[in-house]
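# Breakdown of the fold
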Amino acid sequence: MHNEKAFIEELLNPKTQNEAFGKLVREYQKPLYSHIRNIALNHDDTNDILQNTFVKVFQNLKNFKGESKLFSWMYRIATNEAITFINQRAKKQGISSEELQEKLVNNLEADVDYDGDEIQLKLQKAIATLPEKQQLVFKMKYFEELKYEELSEILDTSVGALKASYFHAVKKIEEFLNEH
């Protein structure tokens, strides 16, 4: 976004809101889809979560104070929506969210929309063994190449804690890959 302040005013103004929101969706649909897909792993679930995210963004625009970048704020909503979705799905199935992640990774092998190779699949299996927070930090840093400052804004965690999480995640993933 070139001029974020002006764009946010367009989003908040009832006269320009619909057009601005359309622009927002076009601009952020792909990056948000990729971000959610990294968490949810499944294409259909990702689309559902993406829709929920945009609904939440639209409903909460009036509360957006501009304290963070619009991008970070939307990513935070998408992250929370994805985690909530996964936790609810796990609860419905009577399993932990980690077990669900493992199941989702195993389903990737049969997913026609998934174009990763065997190495990618192994990496996904390794990631599924991590605690939720480490999974998030690793995926956002590794796949989306977000900077620690951006992660800090999205996840509301200090840069130092994020670096530690990422370091532990990488170590655990390396151990997993060496064993398998």
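Residues numbered from 1 in each chain as written. Predicted model: local features only at pLDDT ≥ 70, side-chain atom pairs only at ≥ 80, totals over all residues. Heavy atoms only, no water.

## Quick look at helix H4 (residues 70-93)
- With 24 residues, H4 should reach 34 Å at 1.5 Å per residue; the first-to-last C-alpha distance of 35 Å fits that figure.
- Of the residues one or two after H4, Gly94 is the one with positive phi, at around 70°. (Helix = DSSP H or I, 4+ residues; strand = E, 2+ residues; numbered from the N terminus. Expected span 1.5 Å × (residues − 1).)

## Describing the nonpolar core
- Of all hydrophobic cores here, the largest spans 55 residues; its most connected members are Leu24, Leu70 and Met74.
- Here this core takes 12 residues from H4, the largest share from any one element.
- Those residues in contact with Leu24 that lie beyond four places of it in its chain are Phe7, Leu11, Phe54, Val57, Leu70 and Met74. (Core = buried A, V, L, I, M, F, W, Y, C linked by side-chain atoms within 4.5 Å. Buried < 20%, exposed > 50% of the residue type's maximum accessible area, 1.4 Å probe, protein only. Contact = heavy atoms within 4.5 Å.)

## Structural notes on empty space enclosed by the protein
- Counted according to the given criterion, the structure contains 1 cavity of 30 Å³ or more.
- Space inside the largest cavity adds up to approximately 100 Å³.
- What lines the largest cavity is simply Ile39, Ile83, Ile86, Ser97, Glu98, Gln101, Glu132, Gln135, Leu136 and Lys139.
- Every element with two or more residues in the lining of the largest cavity is listed here: H4, helix H5 (97-108) and helix H7 (132-142). (1 Å grid on protein atoms, 1.4 Å probe; cavity = no way out; pocket = protein on both sides within 12 Å on 5 of 7 lines; lining within 4 Å. Points joined across faces, edges and corners; volume = space filled by probe spheres on them.)

## Examining helix H6 (residues 118-128)
- Three or more residues of H6 are buried, namely Leu121, Leu123, Gln124, Ala126, Ile127 and Ala128.
- In this structure, the buried side of H6 is in contact with H5, H7 and helix H9 (159-179).

## Some thoughts on the packing of helix H8 (residues 148-155) against H9
- Contact geometry for H8 and H9: axes closest at 9 Å, N-to-C directions at 105°. The angle between H8 and H9 places the two elements in the roughly perpendicular class. Residues Tyr148, Glu149, Leu151, Ser152 and Leu155 of H8 form the contact with H9, whose participating residues are Val159, Leu162, Lys163 and Tyr166.
- Classifying every residue of the contact of H8 with H9 by side-chain character gives 6 nonpolar, 1 polar and 2 charged. (Axes fitted to C-alpha atoms, helices over the stretch in contact; angles between N-to-C directions. Parallel < 35°, antiparallel > 145°, perpendicular 65-115°, else oblique. Nonpolar A, V, L, I, M, F, W, Y, C, P; charged D, E, K, R; others polar.)

## Examining unusual backbone geometry
- The phi torsion at Leu41 lies on the positive side, around 70°, for a residue other than glycine.
- Secondary-structure assignment places Leu41 in the loop between helix H2 (17-40) and helix H3 (43-60).
- Positioned with a positive phi, Asp156 is a non-glycine residue whose angle comes to about 55°.
- Mapped onto the elements of the fold, Asp156 is located in the loop between H8 and H9.

## Looking at the side chain of Asp45
- Along the polypeptide, Asp45 turns up in helix H3.
- With near-sequence residues (within four places) excluded, Asp45 lies in contact with Ala40, Phe85 and Arg89.

## Digging into the packing of aromatic side chains
- Under the definition given, this model contains 9 aromatic pairs.
- Plain terms: the ring middles of Phe21 and Phe54 are 6.2 Å apart, the flat faces sit at 85° to each other, and that makes the pair edge-to-face. Of the two residues, Phe21 sits in helix H2 while Phe54 sits in helix H3, which places them 33 residues apart along the sequence. Residues Phe21 and Phe54 agree in their burial class; the two are buried.
- Between the aromatic rings of Tyr148 and Tyr166, the centroid separation amounts to 6.4 Å while the plane-to-plane angle is 80°, which identifies the pairing as edge-to-face. Here Tyr166 lies in helix H9 and Tyr148 lies in helix H8, a separation of 18 residues in the sequence. Across this residue pair, the class does not change: Tyr148 and Tyr166 are buried. (Phe/Tyr/Trp six-rings, centres within 6.5 Å; stacked < 30°, edge-to-face > 60°.)

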